[in-house]
Amino acid sequence: MGLAFARGGHERVAVSFIGEGGSSLGEWHEAINLCAARKLPVIFCLENNQTALSTPVRDNTAARLFAEKAAGYGIPGLTIDGTDPEAIAAAFTWAVERARAGDGPTLIEVIAMRMCGHAHHDDMLYLGKDPQPSWEYAPLTPQGYADPKLYEFWRAKDPIPGYAATLEAMGLLTPATSN
């Protein structure tokens, strides 16, 4: 899409989303390298959710941050809190402006945590039991492979109630409209 957008002469920008586990695939490296070499208007969003299927980050890469890999392609890489809507908006706005100016792609790593299994079939392994449908986060059990300390840390950073409180404090949302 980035190649088509660059040839079309318009200001469209392609966005590619991938999890941190998928960033180990050769196809991803080939794509980011091609886009960097041709300065294509693409944003690569790497969703670092702490676990690639069932593989923790420490077993997936030697890099301290996935965004550091951008330097190998000669493009900028940013690492942001994936639970901060304003940081996400600012990073993507900057990356779109770069791409539209002809400066090529950007790698944006958003760090958050997957709060359920990799897919429905994985919930029991991740959490240690099959969760019931609910608006609340499912509790972990000792049988699950999710890291309990990380799970609690990221559960407390849930962006929906946190950003609702920010908007309420700004007077843009009332408690009645945020529920």
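Please refer to the structure placed before this passage.
Here the residue index of a chain counts from 1 through its sequence in written order. Given that the model is predicted, a residue must reach a pLDDT of at least 70 before its local features are reported, and side-chain atom pairs must reach 80 or more before they are shown or counted; all residues, however, enter totals for whole chains, interfaces and linings. To get the side-chain values, all heavy atoms of the structure are used, and hydrogens and water are removed first.

*Asks:* Explain the overall build of the protein chain here, please?
*Replies:* What counts as a helix is a DSSP run of H or I of at least four residues, what counts as a strand is a run of E of at least two, and both are numbered from the N terminus. Each helix and strand in the protein chain was counted, giving six helices and six strands. Projected onto its principal axes, the C-alpha positions of the protein chain cover 50 × 45 × 25 Å. Each residue's exposure class comes from its accessible area (1.4 Å probe, protein chains only) as a fraction of the maximum for that residue type: buried when under 20%, exposed when over 50%, partly exposed otherwise. Residue burial in the protein chain is summarised as follows: out of 179 residues, 35% are buried. Within the protein chain, contacts between residues at least 6 apart in sequence are counted, and of these 61% link residues at least 24 apart. As displayed, the protein chain has an accessible area near 10,500 Å², and 58% of this comes from carbon and sulfur atoms. Charge centroids of the protein chain, computed over 14 positive and 21 negative side chains, lie 6 Å from each other. It only takes one pair of heavy atoms within 4.5 Å for two residues to be counted as in contact. All accessible areas in this document rest on Shrake-Rupley with a 1.4 Å probe, and a residue is counted as covered only by the protein chains that are shown. Only four residue types enter the tally: Lys and Arg on the positive side, Asp and Glu on the negative side; His and the chain ends are excluded. Where a charge lies is defined by one atom per residue type, namely NZ (Lys), CZ (Arg), CG (Asp) and CD (Glu).

*Asks:* Please clarify how the pattern of salt bridges should be interpreted in this entry.
*Replies:* Side chains that carry opposite charge are capable of pairing whenever their charged atoms lie near each other. Here a salt bridge means any side-chain nitrogen of Lys or Arg lying within 4 Å of a carboxyl oxygen belonging to Asp or Glu. One pass over the structure, following the stated rule, counts three salt bridges. In this structure, Arg64 engages Glu68 in a salt bridge whose closest nitrogen and oxygen atoms are separated by 3.1 Å.

*Asks:* Just to check I follow, could you spell out the sheet that holds strand S6 (residues 106–111) for this structure?
*Replies:* Sheet strands line up and pair through hydrogen bonds in the backbone, either parallel or antiparallel. Pairing in this open sheet of four strands is parallel, and the strands run S1-S2-S6-S5 from one edge to the other. Across the chains shown, the open sheet's two edge strands, defined by having one partner strand only, are strand S1 (14–19) and strand S5 (77–81). Geometrically, the sheet is characterised by an average inter-axis angle of 20 degrees between neighbouring strands, direction not taken into account. Helix axes are fitted to C-alpha atoms over the stretch in contact, other axes to C-alpha atoms as well, and angles between N-to-C directions run from 0 to 180 degrees. Helix H2 (residues 26–37) rests against S1, strand S2 (42–48) and S6 of the sheet, and its axis sits at about 145 degrees to S2. The sheet strands contacting helix H3 (residues 85–100) are S1, S2, S5 and S6, and the helix crosses S6 at an angle near 170 degrees. Strands pair, by our definition, only if DSSP identifies at least two bridges between them.

*Asks:* Honestly, the environment of Arg100 in this entry has me stumped. Any pointers?
*Replies:* With respect to the element layout, Arg100 can be found in helix H3. In the structure, Arg100 is positioned 47 residues away from Asp147 in sequence and 40 Å away in space, judged by C-alpha atoms. Beyond its immediate sequence surroundings of up to four residues, Arg100 is in contact with Glu11 and Val13. Polar contact criterion, stated in full: a pair of N or O atoms within 3.5 Å, where within protein one must be able to donate a hydrogen and the other to accept it, and residues adjacent in sequence count only if both atoms are side-chain atoms. Polar side-chain contacts of Arg100 include one of 2.7 Å to the backbone oxygen of Glu11.

*Asks:* Just to check I follow, could you spell out unusual backbone geometry for this structure?
*Replies:* When glycine is set aside, most residues are seen to have a negative phi, and most peptide bonds are trans. Backbone geometry places Lys39, a non-glycine residue, at a positive phi of 50 degrees. Along the chain, Lys39 falls in the loop between H2 and S2.

*Asks:* Any chance you could explain the packing of aromatic side chains here in plain terms?
*Replies:* Any aromatic ring pair is given by two values, namely how distant the centres are and how the planes are angled relative to each other. Pairing of aromatic rings covers Phe, Tyr and Trp, the last through its six-membered ring, and needs centres within 6.5 Å; plane angles under 30 degrees mean stacked, over 60 mean edge-to-face, and all others mean tilted. With the rule as written, the count across this model stands at two aromatic pairs. Arranged with centres 6.3 Å apart and planes meeting at 85 degrees, the rings of Trp28 and Phe44 form a pair that is edge-to-face. Placement of Trp28 in helix H2 and of Phe44 in strand S2 is noted, with a sequence separation of 16 residues between them. Across the pair, exposure class does not vary: Trp28 and Phe44 are buried alike.

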